[in-house]
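The primary structure of each chain is shown beneath.
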Amino acid sequence: MKGHNEFEYIDRIFTATIYVYEFRDHKLTNAIDDVKTGEYTEEMAEILQWGLEDFGNLSNCDILVPPPRGTKDAESNHMTKIGKVLSERVGIPLHEFLHKSEEYDSQRSLTGAQERWVNVEGNIECIRDFRTSPFAVVIDDIVTTGATLENCARALKEAGASKVVGLAIARTEYIDDLVDAEVYIPEDEIPEDERP
């Protein structure tokens, strides 16, 4: 059994900002909560675009891939909606190659790191084998333990991906030693004399 901070398949995880559970009235925290209902799609795509362009060579990836939708009764995958907008902005194709091989509980409903790892371990599959060996970026909203991203990466690498990196809108404050995070500031909030 892997510990919650031992990654075998995902090459790296980047997040654009930090999600703090205690800040329930914080604008970004509330917006991230609301993305599951379809709100803030454009704004979240903008944050991920910044991450693709700002973190190393992520913009050189071949494909963007959302994780499988959260629950069986979810009407749609909010990360697919955000990913479609992101794909149009950056010109990198989005593919829904990942599906649940077995239904599992929403990661959000679980509290412990070990529970989250057990919940998804081995339950995500890639529905195609790659003829080439693409560099894939898995996009997500919040990284709590990295379990979902690790299992997405496992499925993609078993299908032939050469490299898999996770890119999320935010990470929780509890895993600062596991992922690289920078603070995203919308351009209109940066003083004019400090803008690039």
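Calculation rules
- Residues numbered from 1 in each chain as written.
- Predicted model: local features only at pLDDT ≥ 70, side-chain atom pairs only at ≥ 80, totals over all residues.
- Heavy atoms only, no water.
- UniProt positions renumbered as here; feature names shortened; annotations may be inferred.
- Helix = DSSP H or I, 4+ residues; strand = E, 2+ residues; numbered from the N terminus.
- Buried < 20%, exposed > 50% of the residue type's maximum accessible area, 1.4 Å probe, protein only.
- Contact = heavy atoms within 4.5 Å.
- Areas by Shrake-Rupley, 256 points an atom, 1.4 Å probe, with all protein chains shown as cover.
- Salt bridge = Lys/Arg side-chain N within 4 Å of Asp/Glu carboxyl O.
- Core = buried A, V, L, I, M, F, W, Y, C linked by side-chain atoms within 4.5 Å.

- As recorded in an unreviewed UniProt entry, the chain goes by ComF family protein and comes from Natrialba swarupiae.
- The heading Sequence similarities (unreviewed entry) in the UniProt record of the chain holds the text "Belongs to the ComF/GntX family."

Considering the overall build of the chain
Here is step 1 of the chain: Looking only at helices and strands, the chain features five helices and seven strands.
Here is step 2 of the chain: In the chain, which comprises 196 residues, the proportion classed as buried is 48%.
Here is step 3 of the chain: Long-range pairs, those at least 24 residues apart, make up 81% of the contacts in the chain between residues at least 6 apart in sequence.
Here is step 4 of the chain: Taken as a whole, the chain presents about 10,100 Å² of accessible surface, with 44% of it coming from carbon and sulfur.

A look at the pattern of salt bridges
Here is step 1 of the chain: For the structure on display, the rule yields three salt bridges.
Here is step 2 of the chain: The residue E42 makes a salt bridge to R89 at a minimum N-O spacing of 3.1 Å. Separated by 47 residues along the polypeptide, E42 in helix 2 (residues 41-54) and R89 in helix 3 (residues 78-90) bring together distant segments of the chain.
Here is step 3 of the chain: Since its relative accessible area comes to 44%, E42 is described here as partly exposed.
Here is step 4 of the chain: Exposure remark for R89: the relative accessible area of 35% places this residue in the partly exposed category.
Here is step 5 of the chain: We note a salt bridge from R154 to E158, for which the minimum N-O separation is 2.9 Å.

Looking at the nonpolar core
Here is step 1 of the chain: The biggest cluster of nonpolar side chains holds 29 residues, and the ones touching the most others in it are L52, L58, L64 and V137.
Here is step 2 of the chain: Of all elements in the fold, only strand 1 (12-19), helix 1 (27-34), helix 2, helix 3, strand 5 (135-143) and strand 6 (163-172) reach the threshold of two or more residues within this core.
Here is step 3 of the chain: Excluding its chain neighbours within four sequence positions, the residues that come into contact with L52 are L58, S59, C61, L64, L86, V90, I92, V137 and L167.
Here is step 4 of the chain: Within the second largest apolar cluster, 21 residues are counted, among which are I10, V138, V143 and A153.

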